[in-house]
Amino acid sequence: MTSAIVLAAGSGKRMNSQTAKQFLKIRDKEVLYYSLKVFEESPLVDKIILVTKEEDIEYCRTEIVEKNKLKKIMNIIPGGRERYDSVHAGLSLLSKNIDKEEDIVLIHDGARPFITETMINDSVMAAKKYGACSVGVPVKDTIKIIDENGFSVETPNRNFLYQIQTPQTFMLNLILKAYGEFEKDSNHNITDDTMLVEQYTGVNSKIIFGAYENIKITTPDDMEIAEKLVEKFFKKIKKSC
């Protein structure tokens, strides 16, 4: 069984919008719709759990899931205060229905509309082989590590630096184990699920190539980029709209 947890409990603070970023529209479709549609059409994905705010559950059900006839979304559940709380909510639901030890889970940010079928396929294959995987892209710029006063103290070799994206994909039992250990720890300084798995299980994540177009919608500038990028994906989406 391969499941996808799609996170859509974010806000629009940096977007300077009263509408949460995942519900802003590109070509009359919510940002969230695009990634859900790709998971829906993937032959590898058996079911989808959508995690959103309590007050947005009905909107997601009627205006996104039912309106667009998305059949693989088995549950729409409320998320938590932090990202990891929302992931944990989705994982807790999956933990009640583990099919086999080979079960896979993809965790994806609903504010990343330009995931592709190739990313899903490659992620599932890598997770089966290595246990943990994330898509990402090599950084293009020189990166500096600075001290507390703003002075450069180190320049890492950018040949070994990747900008991490989602989906992040895991053997379900592995990430459940990681979250079990995480719950016992008072230090919750975790920024993504690969970091959590690495810290609490010792399993390093395989990083595979995603796409520079796989942007996360965060600011108004990102929406302008997304409007242009959707042209590249629009023909495929248009057929099913």
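For the structure itself, look to the data block above.
Quick look at the structure, then. All figures in this text were calculated on a predicted structure; none of them were measured in a lab.

So, the pairing of strand β4 (residues 47–52)
Next up, step 1: Summarising burial for β4: 6 of the 6 residues are buried, a large majority.
Next up, step 2: Of the two faces of β4, both are covered, the one formed by Lys47, Ile49 and Val51 as well as the one formed by Ile48, Leu50 and Thr52.
Next up, step 3: As defined by bridge partners, strand β1 (residues 2–8) adjoins β4 across 6 bridges and the pair is classed as parallel. Across the sheet, residue Ala4 finds its bridge partner in β4, namely Ile48.
Next up, step 4: Note that β4 and strand β5 (residues 73–78) share 5 bridges and pair parallel. What sits directly across from Ile49, in β5, is Asn75.
Next up, step 5: In terms of handedness, the path from β4 via helix α2 (residues 57–66) over to β5 forms a crossover that is right-handed.

Looking at the nonpolar core
Next up, step 1: By size, the foremost hydrophobic cluster in this structure holds 55 residues, and its most contacted members are Ile5, Leu32, Leu36, Phe39, Leu50, Val105 and Ile175.
Next up, step 2: Broken down by element, this core gets its largest block of residues, 6 residues, from helix α5 (residues 172–183).
Next up, step 3: What Ile175 contacts, discounting residues up to four positions off in sequence, is Leu91, Val105, Ile107, Phe170, Asp193 and Val197.
Next up, step 4: Tyr33, Ile215, Ala226 and Phe233 belong to the second largest nonpolar core, which has 14 residues in total.

What counts, and at which threshold
Residues numbered from 1 in each chain as written. Predicted model: local features only at pLDDT ≥ 70, side-chain atom pairs only at ≥ 80, totals over all residues. Heavy atoms only, no water. Buried < 20%, exposed > 50% of the residue type's maximum accessible area, 1.4 Å probe, protein only. Helix = DSSP H or I, 4+ residues; strand = E, 2+ residues; numbered from the N terminus. Pairing = 2+ DSSP bridges. Right-handed = clockwise from strand over helix to strand, strands pointing away. Core = buried A, V, L, I, M, F, W, Y, C linked by side-chain atoms within 4.5 Å. Contact = heavy atoms within 4.5 Å.

So far we have only geometry, and geometry alone does not tell us how the molecule works.
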